Amino acid sequence: MPACGVLALQGGWQAHRLALDSLGTESLPVRTASDLNRVERLVMPGGESSAMLRLMEGEELGARIGERIATGMPVLATCAGLILLAATVVPEQPSFGVLSIEILRNAYGRQVVSSVEDIEVEPPLGPPASMEAVFIRAPRIVKVGPGVEVLGSWRGDPVVIRQGNILGATFHPELTGDRRIHELFLRRGEDRDG
């Protein structure tokens, strides 16, 4: 399995490394463009999207992430990581703009109303047809564009999506024992249907 990087600037990146380790996958923390050059795929974790953008400014890391995504690097983006990739962010903030979604920051409420919910998932994630999802200051996808496949829903909202080399979740899949999202991400690029 090629090395997987986890953006380790801020937020819940350690839990993603533990999830990947549980699947037998080598993972490396990514803090610089040089670190990014050592990995085949990247996890962009939850945290504070605006803080992550500021921390990417040095070392040309943001520019390098954009280049690698454009050339097909598989990416798993969760919560704030998904905000960083969205074409449209409300309230407005800079983003990579590579994912054809409109996303509303902190739409499901503040930290004190965080919750664990059962979501419905589609066949690419495998059985069963539901999954436990941890929502913490989660963003809401309010619009999906062409080429975006919805792989999971909660109360009618898309919460797991896929577009090309990008797999995204509005929640924190690393905080449960269900590894199907990480497994699908690791298969990405290894087969045509991945």
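Only a predicted model underlies this, so the values are computations on that prediction, with no experimental measurement involved.

Cut-offs applied
Residues numbered from 1 in each chain as written. Predicted model: local features only at pLDDT ≥ 70, side-chain atom pairs only at ≥ 80, totals over all residues. Heavy atoms only, no water. Buried < 20%, exposed > 50% of the residue type's maximum accessible area, 1.4 Å probe, protein only. Helix = DSSP H or I, 4+ residues; strand = E, 2+ residues; numbered from the N terminus. Arc of directions from axis to C-beta. Phe/Tyr/Trp six-rings, centres within 6.5 Å; stacked < 30°, edge-to-face > 60°. Lys NZ or Arg CZ within 6 Å of the ring centre and 35° of its normal. Pairing = 2+ DSSP bridges. Axes fitted to C-alpha atoms, helices over the stretch in contact; angles between N-to-C directions.

**Focus on helix α4 (residues 61–70)**
Leu61, Gly62, Ile65, Arg68 and Ile69 are the residues of α4 that are buried. Here the buried residues of α4 occupy an arc of 125° about the axis, which is enough to place them on one side. Just past α4, the residue Gly72 takes up positive phi, approximately 100°.

**Details of the packing of aromatic side chains**
Enumeration over the complete set of coordinates arrives at two aromatic pairs. When the ring of Phe135 is compared with that of Phe171, the centres are 5.7 Å apart and the planes differ by 55°; the resulting orientation is tilted. Of this pair, Phe135 sits in strand β8 (residues 130–135) while Phe171 sits in the loop between β12 (166–169) and α6 (180–187), and the two are 36 residues apart along the sequence. The exposure class of Phe135 is buried, given its relative accessible area of 3%. Taking the relative accessible area as the measure of exposure, Phe171 reaches 0% and is therefore buried. Ring pairs connect the aromatic residues Phe135, Trp154 and Phe171, which therefore count as one cluster. Residue placement shows Arg41 over the ring face of Phe185; its charged tip is 5.7 Å from the ring centre.

**Focus: the sheet that holds β8**
Spatial ordering of the open sheet is given by β2-β1-β3-β4-β12-β11-β10-β7-β8, a layout of nine strands whose pairing is mixed. The sheet is open, and its two borders are formed by β2 (27–30) and β8, each paired with just one other strand. When the angles between neighbouring strand axes are averaged without regard to direction, this sheet yields 25°. Relative to strand β4 (residues 75–78), strand β3 (residues 41–44) runs parallel, the two sharing three bridges. Paired with Leu42 across the bridge in β4 is Val75.

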